[in-house]
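Summary of the model geometry
Below, each chain spelled out in residue letters.
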Amino acid sequence: MEVTAKSKTKEDIIKAYHFRHATKIFDDTRKISDEDFQFILETGRLSPSSIGLEPWKFLIVQNPNLRKRLSEVSSGAQKQLATASHFVVILARSDASYNSPYAEYMLKETKGMPDDVFKLTSEAYGKFQNNQRILENPRSLFDWASKQTYIALGNMMTAAAQIEIDSCPIEGFSRVDVHRILEEEGLLEDGAWDVSMMAAFGYRVEEPTREKSRQSVEKITQWIN
């Protein structure tokens, strides 16, 4: 079979997925270059989001004191906070409703919609958010925004794996305490943002002890023709 550029690219992508694993301990003597980490961040920035609101913010926590404070309330990030080259706290927007100033800013300023198009678009997005029950309460609105951050993080971890940089997504933390710490640091902009999840990036100390295990494709798919 002829090896084409396209088949080689697909092979490289699958190889990256096999390479990636949830790295618990990183080599703290190795740092990701600025160029490589900007590449990782760019894949997050370019990620898709529901109705294009990009309700995310990436806090790159390199300050040792802040890392120490976070480690005290993050049981699932103890080793990563101590050893990762780059540690990211991912925030989600808390006020991303269709009629919020943030939505207006995104649609008018970022996407350049004129007033008449913005009005029609905003009405359509309002119907969508109501139909999906996103506006039922502040928590459902935040959870919807938080879902979008997982899309960005997935892209960032895959991009990192493609250039042989390790990563670990982290949900093992006290949301209340991390919120308090970031609020005390003035990083939540008076409640405009809240904590979605965390992620660590760097270089593994050792190889995984077992092969990646997943269900077969037959177990997770159903074709409806």
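For the structure itself, look to the data block above.
As the structure is a prediction and not an experimental result, all values here were calculated from the model.

Counting 24 residues, the largest nonpolar core has Leu-70, Phe-87, Val-89, Leu-91, Val-178 and Leu-182 as the members making the most contacts within it. When residues of this core are traced back to their parent elements, those giving at least two are helix H3 (64-71), strand S2 (86-93), strand S3 (166-170), helix H8 (175-184) and strand S4 (193-202). For Phe-87, the residues in contact, after removing those within four places along its chain, are Leu-59, Ile-60, Val-61, Gln-62, Arg-67, Ala-77, Gln-80, Leu-81, Ile-170, Met-198, Ala-199 and Ala-200. Ile-32, Phe-37, Trp-56 and Val-88 belong to the second largest nonpolar core, which has 18 residues in total.

Looking now at the packing of helix H5 (residues 101-110) against helix H6 (residues 115-131). Viewed as axis vectors pointing N to C, H5 and H6 meet at an angle of 140 degrees, and their least axial separation amounts to 11 Å. Looking at the two axes, H5 sits oblique to H6. With respect to the hand of their crossing, H5 and H6 are arranged in right-handed fashion. Across the interface between the two elements, Glu-104, Leu-107 and Lys-108 from H5 touch Asp-115, Phe-118, Thr-121 and Tyr-125 from H6. Looking at the contact of H5 with H6, its residues break down into 3 nonpolar, 1 polar and 3 charged.

About the thresholds
Residues numbered from 1 in each chain as written. Predicted model: local features only at pLDDT ≥ 70, side-chain atom pairs only at ≥ 80, totals over all residues. Heavy atoms only, no water. Core = buried A, V, L, I, M, F, W, Y, C linked by side-chain atoms within 4.5 Å. Buried < 20%, exposed > 50% of the residue type's maximum accessible area, 1.4 Å probe, protein only. Helix = DSSP H or I, 4+ residues; strand = E, 2+ residues; numbered from the N terminus. Contact = heavy atoms within 4.5 Å. Axes fitted to C-alpha atoms, helices over the stretch in contact; angles between N-to-C directions. Parallel < 35°, antiparallel > 145°, perpendicular 65-115°, else oblique. Left-handed = near helix turned anticlockwise from the far one by under 90°. Nonpolar A, V, L, I, M, F, W, Y, C, P; charged D, E, K, R; others polar.

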